[in-house]
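Architecture and fold: a report
This is what each chain is made of:
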Amino acid sequence: MSLFDSPLFKDAFDQLERAAGTMGLDPNIAERLKYPKRALTVSVPIRLDDGTVKTFMGYRVQHNMTIGPGKGGIRFHPKVDLSETAALAMLMTFKCALVGLPLGGAKGGISVDPNELSRQELQALTRRYATEINMIVGPSIDIPAPDIGTDGQTMAWFMDTYSQLKGYTVPGVVTGKPISVGGSLGRAESTGKGVAYCINFAAKKLGMEINSKTAVAIHGFGKVGVPAAEDLAAQGARIVAISDVSGAIYKESGLDIKECVDWVKDRRFLKDYDAPGVEHITNEQLLTCPCDVLIPAAIDGVITEENAGEVKAKIVAEGANGPCSRGAIDILTENGSFIIPDILCNAGGVIVSYFEWVQGLQNFFWDLDQINGKLHDILKDAFENVYECSKTYNVDMKRAAMIGALRRLERAMRLRGLFPA
Ligand code: GLU
């Protein structure tokens, strides 16, 4: 598969072209943004617990670093390939630009099912991958973070390996670290918290209130879905449906979120969850169930032209990266759904990653109120800008967000110019 072949890359490319057309982006800037700056493919051999050696393919793609060092997660998932990683790196460029961070866009990953590896094997995989890509990452070059299939422990192993290679501790090489090795308060919940903030901003625009009448369905009850559910449930919303890889559950009067969180915390699957009034449905059924707010927070490409017409939600909050295809966005918009685009909706993660990076560089740590307050304010400003832009150009929020990101990139790229001139 070439760099440009994955559905996600085609979609990101298409989004760029459409937004560029609407805003009249300088074609020479658009031309440069269509290609990643740098892409590294590595093989990652590890010794399995049974003594045999197995090799996995890994990638790190840096899309654009005009505004600052590359930033973006590391994904461990069987679907990872070069083209998908390049698309996700491109989305990170737009996400960081949109919310005004002094960072560029990057992404990495390994094609692997982490659930099939032991803890020791995962550690070996992470350390070898960190070694293979160490020459293109660093606190002022490119700063990885968690994504699907990776977590604080993965980041701690990555940071340790990089630090061993340097000979001294370099906390600023990754974000999303556990607190005891230089992580930031609030980082673990930040993506989901940001999703909940954005849903509140959107509800206000639509004259909706988040209360016990609000039914919320969440596709993907994990790192993003859980904190979003907790925040919205604390506001009184009814979380009517949630899902994981094993299946989905539904209860019209609202699920007991605390109980569901305890269930999944113990690594139990939702397909085995049982409580009075709880129905088991498929993940596809969850996406089209009766609800006011739908949060696709698992993976890309789940809402397509096939099922978009069946979606009932007034607000679709893209907690994952690229969960709605371009065709789906058109159908949802036509049917009156308000879409909160991924590069805005899930930007809470990278915003608090930025705070973690800054705190690490200064060795000065902030309290949780400061972090959540700043997170709220950055997202609020970005939301208002995107909303304004959607009105000015009379386009959906998805295209408006791209326009907002491209404006900032265009200014910076013009000022820095093209080298050599
Ligand atoms: N993986 C997350 C994302 O897609 C976070 C990236 C980061 O914190 O650098 O936005």
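From a predicted model like this one, the values you see are computed outputs, not experimental measurements.

Thoughts on the layout of surface pockets
Volume-wise, the second largest pocket comes out at about 440 Å³. Taken together, 13 residues line the second largest pocket, and the ones lying closest to its centre are Arg32, Lys37, Asn64, Met65 and Thr66. Where the lining of the second largest pocket is concerned, the elements lending two or more residues are strand E2 (53-64) and helix H14 (397-416). Of the residues in the lining of the second largest pocket, the class split is 5 nonpolar, 4 polar and 4 charged.

Here's the deal with the side chain of Thr214
Looking at the element boundaries, Thr214 is found in the loop between helix H6 (187-205) and strand E6 (215-219). A residue is classified by how much of its surface remains accessible, and Thr214, at 3% relative accessible area, is buried. In this structure the side chain of Thr214 is engaged in a polar contact, spanning 3.0 Å, whose partner is the backbone oxygen of Glu209. Discounting chain neighbours no more than four positions away, the residues touching Thr214 are Glu209, Ala237, Arg238, Asp292 and Val293.

Details of the site of the ligand
Near the ligand lie 14 residues; those nearest to it are Lys71, Lys95, Pro146, Asp147 and Ser353. The separation between an oxygen atom of the ligand and a polar side-chain atom of Lys95 is 2.7 Å. A distance of 2.8 Å separates a nitrogen atom of the ligand from a polar side-chain atom of Asp147. For the ligand, whose free accessible area comes to 290 Å², the fraction covered by protein is 94%. Among the elements of the structure, strand E3 (70-77), helix H3 (82-98), strand E5 (142-146) and helix H12 (348-362) are those that each provide at least two residues to the shell around the ligand. Taken together, the residues that form the shell around the ligand break down as 4 nonpolar, 5 polar and 5 charged.

The rules behind the values
- Residues numbered from 1 in each chain as written.
- Predicted model: local features only at pLDDT ≥ 70, side-chain atom pairs only at ≥ 80, totals over all residues.
- Heavy atoms only, no water.
- 1 Å grid on protein atoms, 1.4 Å probe; cavity = no way out; pocket = protein on both sides within 12 Å on 5 of 7 lines; lining within 4 Å.
- Points joined across faces, edges and corners; volume = space filled by probe spheres on them.
- Helix = DSSP H or I, 4+ residues; strand = E, 2+ residues; numbered from the N terminus.
- Nonpolar A, V, L, I, M, F, W, Y, C, P; charged D, E, K, R; others polar.
- Buried < 20%, exposed > 50% of the residue type's maximum accessible area, 1.4 Å probe, protein only.
- Polar contact = N/O pair within 3.5 Å; in protein donor to acceptor, adjacent residues only side chain to side chain.
- Contact = heavy atoms within 4.5 Å.
- Near = heavy atom within 4 Å.
- Areas by Shrake-Rupley, 256 points an atom, 1.4 Å probe, with all protein chains shown as cover.

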